[in-house]
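Commentary on secondary and tertiary structure
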Amino acid sequence: MFKGALFDLDGVIADTAVYHFTAWRNLVKKHFDAELPDDLEEKTKGVSREDSLKVILDYLNIQVSEEEFAALAAEKNDAYVEALDDLTADDILPGIAKLISDFKHHGVKLALASASKNGPVILDKLGLSDAFDAIADPGQVAAGKPAPDIFLAAAEVINLTPQDCIGLEDSVAGVTAINDAGSISIACGGSELNHAHKRFDSTADFTYDAILKAWQEQAKT
Ligand code: BG6
Ligand code: MG
């Protein structure tokens, strides 16, 4: 039986992924009068603010100074934080509130393993801060997703080995990070996440029983 659950935030706990990409789109429109294609969103999912901006500038083939880079990242974050203004517990994705309560009931420890520096604020707005035993600090890890660092840190802050944990993700980079950390990856999304140990179509399928079954199947292999 797993002892810990390492949660991604955006796109797993709350439907905030769309706010991130909308903020990038608006920024790029304003500063460069350019549009971002839909398929660029996956390349920024799970990826840190700075790495996301690099992906976007590479796509646009635009070079900026260090100062401009920092100013763009800050402006995007201001817009993103503003979009979070009205976030409440109603924005918790389907199935997640029940899953968290079932995990707690079964003594599973919970850690946040998000790339987002806004993680603590978002958990607070969703009324979930007390449910989590710990939050891994993305500002303290050497490398962002797809590197495993944030999941390794998340297991460590709840005093567990990664092998005793499952990781929950909605991004390609995040699933790779969980796998490389040595945890069992449970994903929600399309076939781009087929590298997960177990993939479901949506968070609504993230039930305690289904996840336990996935863990038990993996334990046999
Ligand atoms: C991840 C998102 O959870 O957090 C990414 O999927 C985002 O899109 C990253 O870039 C960093 O978030 P923030 O809030 O620190 O800019
Ligand atoms: Mg995510």
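Quick caveat, the model's predicted, so the values are computed rather than measured.

Examining the site of ligand 1
The immediate surroundings of ligand 1 are formed by 16 residues, with Asp10, Val47, Arg49, Ser116 and Asn118 found nearest. Ser116 places a polar side-chain atom, nitrogen or oxygen, 2.6 Å from an oxygen atom of ligand 1. Lys117 is positioned with one of its backbone polar atoms (N or O) 2.7 Å from an oxygen atom of ligand 1. Across the complex, the protein chains shield 98% of the 390 Å² of accessible surface that ligand 1 would expose by itself. More than half of the atoms belonging to ligand 1 lie within 2 Å of the grid points that define the largest pocket.

A few points about the packing of helix α1 (residues 17–32) against helix α3 (residues 49–60)
Running from N to C, α1 and α3 point in directions that differ by 50°, and their axes come no closer than 12 Å. Viewed along their axes, α1 and α3 adopt a mutual orientation that is oblique. Seen from above, α1 lies across α3 with right-handed handedness. Taken together, the residues of α3 that come into contact with α1 (itself represented by Trp24, Val28 and Phe32) are Arg49, Ser52, Leu53, Ile56, Leu57 and Leu60.

Side note on the coordination of the magnesium ion (ligand 2)
Each donor-metal-donor angle would ideally measure 109.5 degrees in four-coordinate tetrahedral geometry, or 90 or 180 degrees in six-coordinate octahedral geometry. For the magnesium ion (ligand 2), every protein donor is listed as Asp8 (OD), Asp10 (O) and Asp170 (OD), and the spread of their distances is 2.0 to 2.1 Å. One chain supplies every donor for the magnesium ion (ligand 2), spaced along it as D-x1-D-x159-D. With Asp10 in the loop between β1 (4–7) and α1 and Asp170 in the loop between β4 (165–169) and α8 (172–181), the pair connects residues that are 160 residues apart, well separated along the chain. Accessibility assignment for this pair places Asp10 and Asp170 in one class, buried.

Section: the domain arrangement of the protein chain
According to the domain assignment, the protein chain consists of domain 1 (4–15 + 88–220) and domain 2 (17–86). The centre of domain 1, based on its C-alpha atoms, is set 24 Å off from the matching centre of domain 2. At the interface, 16 residues of domain 1 touch 17 residues of domain 2. Both faces considered, domain 1 and domain 2 share a buried interface measuring about 1300 Å² in area, 45% of it formed by carbon and sulfur atoms.

So, how was this worked out
- Residues numbered from 1 in each chain as written.
- Chains lettered and ligands numbered in written order.
- Predicted model: local features only at pLDDT ≥ 70, side-chain atom pairs only at ≥ 80, totals over all residues.
- Heavy atoms only, no water.
- Near = heavy atom within 4 Å.
- Polar contact = N/O pair within 3.5 Å; in protein donor to acceptor, adjacent residues only side chain to side chain.
- Areas by Shrake-Rupley, 256 points an atom, 1.4 Å probe, with all protein chains shown as cover.
- 1 Å grid on protein atoms, 1.4 Å probe; cavity = no way out; pocket = protein on both sides within 12 Å on 5 of 7 lines; lining within 4 Å.
- Sits in = over half its atoms within 2 Å of the grid points.
- Axes fitted to C-alpha atoms, helices over the stretch in contact; angles between N-to-C directions.
- Helix = DSSP H or I, 4+ residues; strand = E, 2+ residues; numbered from the N terminus.
- Parallel < 35°, antiparallel > 145°, perpendicular 65-115°, else oblique.
- Left-handed = near helix turned anticlockwise from the far one by under 90°.
- Contact = heavy atoms within 4.5 Å.
- Donors = N, O, S within 2.8 Å, 3.2 Å for Na, K, Ca; no water.
- Buried < 20%, exposed > 50% of the residue type's maximum accessible area, 1.4 Å probe, protein only.
- Domains from an automatic or database assignment.
- Buried area = accessible area lost by both parts, 1.4 Å probe.

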